[in-house]
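Observations on chain architecture
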Number of protein chains: 2
Amino acid sequence: MPASAETASYRLNHVMLRVKDPKKSLEFYENVLGMDVIDKHDGGDFTLYFLAYQHQKGVSRGEREAILELTHNHGTENDDSFAYHNGNNEPKGFGHLCVSVDDIQAACDRFEKLGVKFQKRLTDGKMRNIAFILDPDNYWIEIIATNKPQ
Amino acid sequence: MPASAETASYRLNHVMLRVKDPKKSLEFYENVLGMDVIDKHDGGDFTLYFLAYQHQKGVSRGEREAILELTHNHGTENDDSFAYHNGNNEPKGFGHLCVSVDDIQAACDRFEKLGVKFQKRLTDGKMRNIAFILDPDNYWIEIIATNKPQ
């Protein structure tokens, strides 16, 4: 019974990832991936950053879909030995975020110029129509073309 | 430089989670959370399920935001000792998905009737305006009200 009257208002509002250093993460998600910080919450010993693309601009935060919430537990950025787990080695779970782009070659060329780390370039492996880049915590971000066969 | 010309087409297309048993996961995401399977890919020894709410109906898969991709590596459902890691105990990383709903009390009452497991009921703890339910792999799903203060 998908899309029943009972669930008609439900929306996939956001996904939350913990990040070690918000300065690095915001630089990445704002400047490299082009998202905007649309809200911020200071919880005392932690801060939450809410980012989104502006395709749903004008829609309230609760009505939006596809917000990215980054949780920063204060102090982790100063601990050299501290790292979050990206879910792609044991124990596995979360896999990746995916950003679609109109021109995947231009996007990947741009990421190279900006010094972004790649998990998989377009030319690596068999799947030549997708790439994976890494955010500052090594979370995987798949890059796909908006209108090409997937 | 968020929303620059270079990143204007970028969209947060999907988030990928690995699931142990797609039968249980699809029952949960379709019937409990009201999402639709909009695409499926059989990769031989794995299957990918793409689910979404229909608020962006008519938009192509690549142009959509907030798709949930569930990856099933065949066989895990038959291994009693197998479990994925939800990211909320060590090693931490991914935190949760969040679904917004118009009437959070009605939604939580409905989840109770459907036998959904709760990580945090509305009445637990200090934050009385959010709940957390658990999907079949124990991934956390925050439930918030669409239009209430957050």
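Residues numbered from 1 in each chain as written. Chains lettered and ligands numbered in written order. Predicted model: local features only at pLDDT ≥ 70, side-chain atom pairs only at ≥ 80, totals over all residues. Heavy atoms only, no water.

What follows concerns the nonpolar core. Generally speaking, soluble globular proteins have nonpolar side chains that are buried together. Within the largest apolar cluster, 70 residues are counted, with the highest numbers of intra-cluster contacts made by A:Y29, A:L33, B:Y29 and B:L33. Contacts of B:Y29, omitting those with residues within four sequence positions, involve B:L17, B:G34, B:M35, B:L51, B:L68, B:L70, B:L97, B:D135 and B:I141. (Core = buried A, V, L, I, M, F, W, Y, C linked by side-chain atoms within 4.5 Å. Buried < 20%, exposed > 50% of the residue type's maximum accessible area, 1.4 Å probe, protein only. Contact = heavy atoms within 4.5 Å.)

Bringing empty space enclosed by the protein into the picture now. Under the criterion given, the structure shown has 2 cavities of 30 Å³ or more. A:L12, A:H14, A:V15, A:A66, A:I67, A:L97, B:L12, B:H14, B:V15, B:A66, B:I67 and B:L97 together form the lining of the largest cavity. Elements with a contribution of two residues or more to the lining of the largest cavity: β1 (11-18) of chain A together with β1 (11-18) of chain B. Taken together, the residues of the lining of the largest cavity sort by class into 10 nonpolar, 2 polar and no charged. By volume, the second largest cavity is sized at about 40 Å³. Lining the second largest cavity, in full, are A:H85, A:N86, A:G87, A:F94, B:H85, B:N86, B:G87, B:P91, B:K92, B:G93 and B:F94. (1 Å grid on protein atoms, 1.4 Å probe; cavity = no way out; pocket = protein on both sides within 12 Å on 5 of 7 lines; lining within 4 Å. Points joined across faces, edges and corners; volume = space filled by probe spheres on them. Helix = DSSP H or I, 4+ residues; strand = E, 2+ residues; numbered from the N terminus. Nonpolar A, V, L, I, M, F, W, Y, C, P; charged D, E, K, R; others polar.)

Further remarks concern the UniProt feature "binding site: Zn(2+)" (unreviewed entry) in chain A. The positions that UniProt labels "binding site: Zn(2+)" (unreviewed entry) are, in the present scheme, A:E69, A:H96 and A:E142. Among the secondary structure elements, A:E69 is positioned in strand β4 (residues 67-73). Under the relative-accessibility criterion, A:E69 is labelled buried at 5%. With residues near it in sequence (within four places) discarded, A:E69 still touches A:H14, A:V15, A:M16, A:L17, A:L48, A:Y49, A:F50, B:H96 and B:E142. Checked against the element boundaries, A:E142 lands in strand β8 (residues 140-145). The residues contacting A:E142, other than those within four sequence positions of it, are A:H96, A:L97, A:C98, A:V99, A:I130, A:A131, A:F132, B:H14 and B:E69. (UniProt positions renumbered as here; feature names shortened; annotations may be inferred.)

In spatial order, the strands read β2(A)-β3(A)-β4(A)-β1(A)-β5(B)-β8(B)-β7(B)-β6(B); together these 8 strands make up an open sheet with mixed pairing. At either end of the open sheet lies a strand with only one pairing partner, and these are β2 (36-42) of chain A together with β6 (117-120) of chain B. Mean inter-strand twist for the sheet, computed between neighbouring axes without regard to direction, equals 30 degrees. (Pairing = 2+ DSSP bridges. Axes fitted to C-alpha atoms, helices over the stretch in contact; angles between N-to-C directions.)

The next subject is the relation of the copies chain B and chain A. Of the two same-sequence chains, chain B is brought onto chain A (RMSD 0.0 Å, axial shift 0.0 Å) by a rotation of 180 degrees. Expressed as a symmetry operation, the mapping of one chain copy onto the other fits a two-fold axis. Among all C-alpha atoms of chain B, that of B:A66 lies closest to the rotation axis, at 2.3 Å. Same-surface contact between copies: 100% of interface residues of chain B are shared with the interface of chain A. (Least-squares fit on C-alpha atoms with pLDDT ≥ 70 in both.)

The full count for this structure, using the stated rule, is 6 salt bridges over all chains. The closest approach of N and O atoms between A:R121 and A:E112, which form a salt bridge, is 2.5 Å. When the shortest N-O distance is used, the salt bridge between B:D39 and B:R61 registers 2.4 Å. Taken together, the residues span a long stretch of sequence, with B:D39 in strand β2 (residues 36-42) and B:R61 in the loop between β3 (46-52) and β4 (67-73) at a distance of 22 residues. (Salt bridge = Lys/Arg side-chain N within 4 Å of Asp/Glu carboxyl O.)

Bringing the sheet that holds β8(A) into the picture now. Spatial strand order, β6(A)-β7(A)-β8(A)-β5(A)-β1(B)-β4(B)-β3(B)-β2(B): 8 strands in an open sheet with mixed pairing. Each end of this open sheet is capped by a strand with a single partner; those strands are β6 (118-120) of chain A together with β2 of chain B. Direction aside, neighbouring strands of the sheet carry axes that sit 25 degrees apart on average. Note: strand β7 (residues 130-134) of chain A against β8(A), 5 bridges, orientation antiparallel.

All right, on to the packing of aromatic side chains then. Enumeration according to the criterion identifies 11 aromatic pairs over all chains in this entry. Geometrically, the ring pair formed by A:Y10 and B:F111 is edge-to-face, given 6.2 Å between the ring centres and 70 degrees between the ring planes. Of the two residues, A:Y10 sits in the segment before β1 while B:F111 sits in helix α2 (residues 104-113), which places them in two different chains. Take A:Y10 and B:F111: they sit in the same class, and that class is buried. Between A:F94 and A:Y139, the ring centres sit 6.0 Å apart and the planes meet at 85 degrees, which makes this aromatic pair edge-to-face. (Phe/Tyr/Trp six-rings, centres within 6.5 Å; stacked < 30°, edge-to-face > 60°.)

Taken together, the contact between chain B and chain A spans 60 residues of the former and 60 residues of the latter. If you sort the residues of chain B by the area they bury against chain A, B:Y10, B:L12 and B:R18 come out on top, with a joint share of 14%. Inspection of the chain B/chain A interface yields 2 salt bridges. Run the count over chain B and chain A and you get 40 residue pairs in polar contact (both at pLDDT 80 or more). Mapped onto the side of chain B that touches chain A, the elements with two or more residues apiece are β1, α1 (22-32), β4, β5 (94-101), α2 and β8 (140-145) of chain B. Among the residues forming the side of chain B that touches chain A, the class breakdown is 27 nonpolar, 20 polar and 13 charged. As paired strands, strand β5 (residues 94-101) of chain A and β1(B) are joined by 6 bridges and run antiparallel to one another. Opposite A:L97, over in β1(B), you have B:V15 as the bridge partner. (Buried area = accessible area lost by both parts, 1.4 Å probe. Polar contact = N/O pair within 3.5 Å; in protein donor to acceptor, adjacent residues only side chain to side chain.)

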